[in-house]
Amino acid sequence: MAGNDWINSYLEAILDVGPGLDDAKSSLILRERGRFSPTRYFVDNVIGFDETDLHRSWVKAQATRSPQERNTRLENMCWRIWNLARQKKQLESEEAQRMTKRRLERERGHREAVADMSEDLSEGEKGDIVSDVSAHGDNHKSRLSRISSTDAMEAWANQQKGKKLYLVLISLHGLIRGENMELGRDSDTGGQVKYVVELARALASMPGVYRVDLLTRQVASPEVDWSYGEPTEMLAPHNSESLSDEIGESSGAYIIRIPFGPRDKYIPKELLWPHVPEFVDGALSHIIQMSKVLGEQVGGGRPVWPVAIHGHYADAGDSAALLSGALNVPMLFTGHSLGRDKLEQLLRQGRLSKDEINDTYKIMRRIEAEELTLDASEVVITSTRQEIEEQWRLYNGFDPVLERKLRARIRRNVSCYGRFMPRMVVIPPGMEFNHIIPHDGDMDGETEGTEDRQATPDPPIWAEIMRFFTNPRKPMILALARPDPKKNLTTLVKAFGECRPLRELANLTLIMGNRDNIDEMSSTSASMLLSIIKMIDKYDLYGQVAYPKHHKQSEVPDIYSLAAKTKGVFINPAFIEPFGLTLIEAAAHGLPMVATKNGGPVDIHRVLDNGLLVDPHDHESVADALLKLVADKQLWSKCRSNGLRNIHLFSWTEHCKTYLSRIASCKPRHPGWLKNNDSDDDENSEPESPGDSLRDMQDISLNLKFSMDGVDSEDRKTKLENAVMSISKGNIVKTAQRTVSGEKADQAKFPALRRRNHIFVIAVDGDNIKNLFENVKKIFSAVEDEKNNGSVGFILATSLQMAEIHSFLVSNGLNPSDFDAFICNSGADLYYTSSHSEDNPFVFDLYYHSHIEYRWGGEGLRKTLVRWASSIIDKKGQNKNEEHVVTEDEAVSTNYCYAFNVQNPALVPPAKELRKMMRIQALRCHVIYCQNGRKINVIPVLASRSQALRYLYLRWGMDLSKVVVFIGESGDTDYEGFHGGVHKSVILKGVGNGISDQLHANRVYPLSDVWPTDSANIVQTREEFGVADIRESLGKLGVLKG
């Protein structure tokens, strides 16, 4: 409550007295009202943190003539202020506890990380925190060369010639189209929509960029315009001269609308979370098809994969992470606004509890998505340094100090022990300046230019503004912001009203959005606008302040031009401004600026040097800065000239040049099997195939076959299991020849799953493996005819290791060839069945590991996990040998799955805590509690059983819409990945319900945030289901007839 002296004085008196007034001593009016107690009513129902409302009550109390009524008002107000202070103190205490806990966790994680990286720190590691985070900082100007001339631009463009880059941008929520954007239509259709459209358009015009796809949601709803239901929209460049030379059949920028979620509804972003997997599958299909098309056009017949996938906001970041993992291509992320920062602000306000905040905003799902983006992103793009230092550092996955140390070690080519941190880069949003012509004249003289321009009538908005002024020729102080308390417009009006010299020299124009009736505005906006109008009345500013009711988006440039023509000043007095795009727009029109010293304006001022920064809480400082610029014409001219000279640094051209240079610094990644150039690829590939076969993997099968010749059946079984373990651990020498005499002529070139009409994925979890195979037999029986004729294939997706699966298959009388593929170790390993079913039933996918190994911590991660496991001790254990609750299972662990046995799941911290601990130490992994908490599998961060299905689609063309996944009512902590997507799901009632509630009780977010309960692709069997029930469920899904 800084600055509210009238409250502070009251608080001191009230807090000295105690909790409030005794009912027995309450005023006469209160006693006369019987059971209704205004004090209790205000405390229980009206109390809030709107100090504007408190001030209004204070004014009313002062104006009340009746002493009794005034005393009653003051008494009620005392209760409110006291309760306000008490709640704020409680919130401050809770916030302090949260910050202390977070600090201790970070310090502990930092100590452990540094202990692992025990090498002495170099001078580079002792430097400033978060160095090199600004694209325009003073220390790095030499690194980012300006495109200050046509020759320089042409030289840079020549370096890019020959590249045929394909870029994918993702922005899911809101209504996105290329022209006539409905900005402000709702809270989801705002500045981000304009930003991503302009970014896509600008990137497509850059040299070396062939195609840019902006993926968003297709909305075919009667409540929105039909254009949002169009699958594809081409974005025409604003300036045809900026077109790159890369013109082709599919070149340019496009909005691609992917259908997902309710088909006939436009829903807010908070309700999109359960449908994100469906978008990912649809986007994956589009990218694969487009990569093939581009390959035919410019790739010499080989697919042209995206050079990067860029997610905007948390929902798109989550999608981009999954797509990046599925395609094995680099990912970029821009947050726009961040969940943890919003959560802290809402908790500080105290109006809602954490549960209520999550119910309203799905904030925990959003935060977890943002943590995943830190795990997966190569580069995180921010608008300002403040976003890095004050917002991103709130996340477990980012620590500026540790990031600096890791970067220094990478520069010195020293091991980071499996630790990774995304690169934070400041690239301010761009603008299109070609259409802007700064005014050089003033209101008294004639504007320089041609006679035609002089004859052009003034824009209508000029008359709408100037009608407010007694002397419209005075310099105009312009503020453009919605009437929101955060924008601090009341301080601006106060500064103007209390500075007589400023009022005499200038007018004030407040563009505060559009309104028809104040009563129809939101309560916050209406209250703020009324406060401003009352202040205008208080200081008698009529004839000096303009606040028009309406303006069009297209008229904003005209408003800037009017202010520049009067030799005015633009001001942004917000308490905190994340970036400040209006400051750049104003500078482009020749307006000097006065701006808050908190946030993005600091970076803008460092580059443009076209104004003054002020403390937004100090109205005298604001008035002095405005007066200085308005009164000193030389200073005004210097700031104007500086702004116009440097504004090109915020152009889209400069933005895209820096953007593309950051992408170029990322290590190129694409599907691993495409790195091998086999001369007979074309001969062996089918038209719908990415151009690969099983022949490379058959080498392993043949080696295993030769190694087991002449071995009896029991030894053969043992040797097979050992061989499979050896493969999983990576202990294999690739020395097999391409062809072997005697190989069967009908040896399959491709996995059998490519020939199936449907694929059934059995992903039933539990701690009893016998129950798993009982359910397998039931599913087999339900589709016995389809299984026998080959129209249905099966995949087993499990947390078990391949050797365990083989052992149980044999012991339960099942043939490995009954399955087309095995997703093992929670998605860390992938096997296919071989035609040599007796001697060698399994084929190991060599390329799958190269596909999922991104940011895998290896031995450094394993050592940290082992250290964590040893810290979990059962102090009450009677047997000291059983003291350790978690132990490493070295026999089952593989190169890409570290397995641990759990003796007592009740003593183990929840999965989210272990994941949090690894993130704090910059170790990126996917932690899965499985087998009812008796097992912990730690695998690469972008690997999972559901992601393995997307890999099979990418590599073998397995149609995900023809996939049916069988899951239980509960399962391992990764089973939620099977709930969404274009595939169909059958939930087997009663299966997995014995899994401990504790396994999922401490989830980061509720399951309802990821489960599309209204999806037609999900059905449930009845309790104690049988073969007929399974077949009935498949019939409901349209998979089987009859």
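Refer to the preceding data block for the structure.
Model, not experiment: these values are computed from the prediction.

Trainee: Account for helix H21 (residues 581–588), with residues named and values stated.
Mentor: With seven of its eight residues buried, H21 lies for the most part within the structure. The complete set of buried residues in H21 reads Thr582, Leu583, Ile584, Glu585, Ala586, Ala587 and Ala588. Downstream of H21 by one or two residues, Gly590 has phi in the positive range, about 85 degrees.

Trainee: I'd like to hear about empty space enclosed by the protein, residue by residue, with values.
Mentor: All told, the structure shown has nine cavities of 30 Å³ or more when counted by the stated rule. Lining the largest cavity we find 35 residues, and of these Glu368, His926, Thr973, Glu976 and Tyr1005 sit closest to its centre. Every element with two or more residues in the lining of the largest cavity is listed here: helix H8 (276–298), helix H9 (313–327), helix H12 (363–376), helix H34 (911–920), strand E22 (926–930), helix H35 (945–956) and helix H36 (998–1001). For the lining of the largest cavity, the class distribution of residues is 16 nonpolar, eight polar and eleven charged. Here the lining of the largest cavity spans two domains, and each of domain 1 (162–179 + 188–238 + 248–338 + 368–426) and domain 3 (750–1041) adds at least three residues to it.

Trainee: Before we move on, could you go through the sheet that holds strand E25 (residues 984–988) and cite the residues and values that matter?
Mentor: One open sheet accounts for eight strands, arranged E19-E18-E17-E16-E15-E24-E25-E26; its pairing is mixed. Only two strands of the sheet have a single neighbouring strand rather than two, namely strand E19 (842–844) and strand E26 (1018–1020). When strand polarity is set aside, the average angle formed by the axes of neighbouring strands in this sheet is 25 degrees. Examined bridge by bridge, strand E17 (residues 821–824) and strand E18 (residues 829–833) share four bridges and lie antiparallel to one another. Its bridge partner lying in E18, Cys824 is registered against Asp829. Where helix H29 (residues 769–782) meets the sheet, its contacts fall on strand E15 (758–762), strand E16 (792–797) and strand E24 (963–968), and the angle it forms with E15 comes to roughly 160 degrees. Where helix H31 (residues 802–811) meets the sheet, its contacts fall on E16, E17, E18 and E19, and the angle it forms with E17 comes to roughly 130 degrees.

Trainee: Could you give me a rundown of the packing of aromatic side chains, with the residues and numbers involved?
Mentor: Overall, the coordinates contain 19 aromatic pairs when judged by the stated rule. A connected cluster of aromatic rings, assembled from ring pairs, spans Phe760, Phe780, Phe794, Phe819, Phe822, Tyr831, Phe842, Phe844 and Phe966. Sitting over the face of the ring of Tyr254, Arg211 holds its NZ or CZ atom 4.1 Å from the ring centroid. Over the aromatic face of Tyr1005 sits the side chain of Arg365, whose NZ or CZ is 5.0 Å from the ring centroid.

Trainee: I'd like a description of the sheet that holds strand E14 (residues 611–614), backed by residues and values.
Mentor: Pairing is parallel across the open sheet formed by six strands, whose spatial order is E11-E10-E9-E12-E13-E14. In this open sheet, the two edge strands, each paired with only one partner strand, are strand E11 (545–546) and E14. In terms of strand pairing, strand E12 (residues 569–572) meets strand E13 (residues 593–596) through three bridges, oriented parallel. From the neighbouring strand, Asn572 faces E13, where its bridge partner is Ala595.

Trainee: Mind laying out the packing of helix H11 (residues 354–361) against H12, listing which residues take part and the relevant values?
Mentor: Running from N to C, H11 and H12 cross one another at 75 degrees; their axes reach a closest spacing of 6 Å. In this view, H11 runs roughly perpendicular relative to H12, as classed from their interaxial angle. Here Lys354, Ile357, Asn358 and Tyr361 of H11 lie close against H12, whose contacting residues are Ile363, Met364 and Arg365.

Trainee: Tell me about helix H20 (residues 556–565), residues and numbers included.
Mentor: Among the ten residues that make up H20, eight are buried, leaving the element largely enclosed by the rest of the structure. Those residues of H20 that are buried are in contact with helix H16 (460–466), strand E9 (476–480), strand E10 (507–511), E12, H21 and helix H24 (633–646). Immediately beyond the C-terminal end of H20, within one or two residues, lies Lys567, with a positive phi of roughly 60 degrees.

Trainee: Can you lay out the pattern of salt bridges for me, pointing to particular residues and giving the numbers?
Mentor: According to the stated counting rule, one finds 37 salt bridges in the structure shown. Notably, a salt bridge pairs Glu859 with Arg862, separated by 2.7 Å at the nearest N-O pair. Residue Glu859 and its partner Arg862 are located together in helix H33 (residues 858–871), separated by three residues, close to a single helical turn. Accessibility expressed as a relative area gives 41% for Glu859, which makes it partly exposed. The exposure class of Arg862 is partly exposed, given its relative accessible area of 22%. Taking the shortest distance from any N to any O, the salt bridge between Asp889 and Lys935 comes out at 2.5 Å. Placement of Asp889 in the loop between strand E20 (886–888) and strand E21 (898–902) and of Lys935 in strand E23 (residues 935–939) is noted, with a sequence separation of 46 residues between them. Just as Asp889 is buried, Lys935 falls in that class too. Here the residues in one salt-bridge network are Glu368, Asp375, Arg915, Arg919 and Arg924, joined through shared partners.

Trainee: Tell me about the nonpolar core, and please be specific about residues and values.
Mentor: Core analysis: the largest hydrophobic core is formed by 131 residues, its most contacted members being Ile170, Phe279, Ile795, Ile936, Leu949 and Leu952. Discounting residues that sit within four places of it in the chain, Ile936 has contacts with Trp868, Tyr898, Ala899, Phe900, Val902, Val908, Leu914, Val927, Ile928, Tyr929 and Cys930. Residues Ile465, Ile571, Val594 and Leu608 belong to the second largest nonpolar core, which totals 71 residues.

Trainee: Before we move on, could you go through the pairing of strand E2 (residues 209–217) and cite the residues and values that matter?
Mentor: Burial analysis of E2 places nine of its nine residues in the buried class, which makes it a mostly covered element. For the segment spanning strand E1 (residues 165–170), helix H7 (residues 191–204) and E2, crossover handedness is right-handed. Taken together, the seven bridges between E2 and strand E4 (residues 252–258) define a ladder with parallel strand orientation. Paired with Leu214 across the bridge in E4 is Ile255.

Trainee: Report on a negative patch on the surface, specifying residues and quantitative values.
Mentor: A grouping of Glu498, Asp618, Glu620 and Asp624 is seen on the molecular surface, where their side chains present a negatively charged patch. Turning to its location among the elements, Glu498 is positioned in helix H17 (residues 489–498). With relative accessibility at 43%, the residue Glu498 sits in the partly exposed group.

Here is what the cut-offs are and how they apply
- Residues numbered from 1 in each chain as written.
- Predicted model: local features only at pLDDT ≥ 70, side-chain atom pairs only at ≥ 80, totals over all residues.
- Heavy atoms only, no water.
- Buried < 20%, exposed > 50% of the residue type's maximum accessible area, 1.4 Å probe, protein only.
- Helix = DSSP H or I, 4+ residues; strand = E, 2+ residues; numbered from the N terminus.
- 1 Å grid on protein atoms, 1.4 Å probe; cavity = no way out; pocket = protein on both sides within 12 Å on 5 of 7 lines; lining within 4 Å.
- Points joined across faces, edges and corners; volume = space filled by probe spheres on them.
- Nonpolar A, V, L, I, M, F, W, Y, C, P; charged D, E, K, R; others polar.
- Domains from an automatic or database assignment.
- Pairing = 2+ DSSP bridges.
- Axes fitted to C-alpha atoms, helices over the stretch in contact; angles between N-to-C directions.
- Contact = heavy atoms within 4.5 Å.
- Phe/Tyr/Trp six-rings, centres within 6.5 Å; stacked < 30°, edge-to-face > 60°.
- Lys NZ or Arg CZ within 6 Å of the ring centre and 35° of its normal.
- Parallel < 35°, antiparallel > 145°, perpendicular 65-115°, else oblique.
- Salt bridge = Lys/Arg side-chain N within 4 Å of Asp/Glu carboxyl O.
- Core = buried A, V, L, I, M, F, W, Y, C linked by side-chain atoms within 4.5 Å.
- Right-handed = clockwise from strand over helix to strand, strands pointing away.
- Patch = residues over 30% accessible without salt bridge, like charges linked within 9 Å, V, L, I, M, F, W, Y side chains within 5 Å.
- Areas by Shrake-Rupley, 256 points an atom, 1.4 Å probe, with all protein chains shown as cover.
- Lys, Arg positive; Asp, Glu negative; His and termini not counted.
- Charge placed at Lys NZ, Arg CZ, Asp CG, Glu CD.

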